[in-house]
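Here is what each chain is made of, one letter per residue.
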Amino acid sequence: MIRFYFHPTPNPAKVALLLEEAGLPYEVVPVDTSKGEQHTAAFRAINPNGKVPAITDTEGPGGREARVFDSTAILLYLAEKTAEFLGKPEERPELLSWLMFIATGLGPFSGQAVHFQHAAPTGLDYAVNRYRREAERHYNVLNDHLVGRQFIVGDSFTIADISAWGWLGRASRVLKGAEDPFAAYPEIKRWFAAIEARPAVARAKAVGKDHAFKATVDEETKRALFPSNYPSAA
Ligand SMILES: N[C@@H](CCC(=O)N[C@@H](CS)C(=O)NCC(=O)O)C(=O)O
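Residues numbered from 1 in each chain as written. Predicted model: local features only at pLDDT ≥ 70, side-chain atom pairs only at ≥ 80, totals over all residues. Heavy atoms only, no water.

**Student:** Residue-level account of the pairing of strand β1 (residues 2–6), with values.
**Tutor:** For β1, the buried fraction is high: four of the five residues fall into the buried class. Here β1 runs beside strand β2 (residues 26–30); their pairing, made up of five bridges, is parallel. In the strand pairing of β2, Ile-2 is matched with Tyr-26. Between β1 and its parallel partner β2, the chain crosses via helix α1 (residues 10–22), and the hand of that crossover is right-handed. (Buried < 20%, exposed > 50% of the residue type's maximum accessible area, 1.4 Å probe, protein only. Helix = DSSP H or I, 4+ residues; strand = E, 2+ residues; numbered from the N terminus. Pairing = 2+ DSSP bridges. Right-handed = clockwise from strand over helix to strand, strands pointing away.)

**Student:** Provide a residue-level description of the site of the ligand, including the pertinent values.
**Tutor:** Near the ligand, the surroundings consist of 13 residues, among which Gln-38, Lys-51, Val-52, Asp-70 and Ser-71 are the closest. Asn-11 places a polar side-chain atom, nitrogen or oxygen, 3.5 Å from an oxygen atom of the ligand. Relative to its free-state accessible area of 510 Å², the ligand is covered by the protein chains to the extent of 80%. Those elements that place two or more of their residues in the shell around the ligand are α1 and α10 (219–225). Tallying contributions element by element places α1 first for the shell around the ligand, with three residues. Considering only residue class, the shell around the ligand consists of six nonpolar, five polar and two charged. (Near = heavy atom within 4 Å. Polar contact = N/O pair within 3.5 Å; in protein donor to acceptor, adjacent residues only side chain to side chain. Areas by Shrake-Rupley, 256 points an atom, 1.4 Å probe, with all protein chains shown as cover. Nonpolar A, V, L, I, M, F, W, Y, C, P; charged D, E, K, R; others polar.)

**Student:** Hey, could you go over the packing of helix α3 (residues 71–82) against helix α6 (residues 159–168) for me, with residue numbers and the actual values?
**Tutor:** At their nearest, the axes of α3 and α6 sit 10 Å apart, and the two run at 150° to each other. Considered as vectors, α3 and α6 are oriented roughly antiparallel to each other. For the pair α3 and α6, the crossing hand works out as right-handed. Two secondary-structure elements touch here, α3 through Leu-75, Leu-76 and Ala-79 and α6 through Ile-159, Ile-162 and Ser-163. Looking at the contact of α3 with α6, its residues break down into five nonpolar, one polar and no charged. (Axes fitted to C-alpha atoms, helices over the stretch in contact; angles between N-to-C directions. Parallel < 35°, antiparallel > 145°, perpendicular 65-115°, else oblique. Left-handed = near helix turned anticlockwise from the far one by under 90°. Contact = heavy atoms within 4.5 Å.)

As structure tokens, then:
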């Protein structure tokens, strides 16, 4: 049995889509990051980095329970476990390259673009411009790569598509103010529409809908999500 530690945010969304695409049985464990549940000792034992997603798998390697944290690690772990969504062996260099491009570039710069445009104090023009433009630059790299391609790697749906889908689903927040955030990225727009049409996407989007996650942003939320803004007293 897989326990899936979840909050309705982009990185857990990737894992939800893989679990649904693979048809793996799993149990959702809500982690309300706006309430600070990611900082409990019990959750830190599963992800010492205190972020979602994470999973535990009672049937890990050697039949022992395993924990896996960080969305890209989970995608690779589950894809290897099911031997699905990895593309052809000769495509592994491309798969790893695009996975890391998303994990270390597209995702983090998108996340910082959201932070500085939606959560940070106003007036930080340098930071807003840097992260917004770096997010746009990553969009351009992916857009150019997708010319003439149905999928990011080879000619099949892989965990690279799943990983990119997680953050591109937040394009309207990343590219704040754009009427159509994909207007300047026609190849991403075409690719994204095709991924969205997959039946598993609707099921992935339904994950966690039966849980009332905290929606308000108050002092507790800010301290939970941005603890490094509140240095502990010496
Ligand atoms: N590199 C990690 C990043 C995980 C991450 O930033 N998760 C966010 C949700 S998308 C989170 O847990 N935020 C709450 C917090 O940072 O306290 C991954 O890909 O899983």
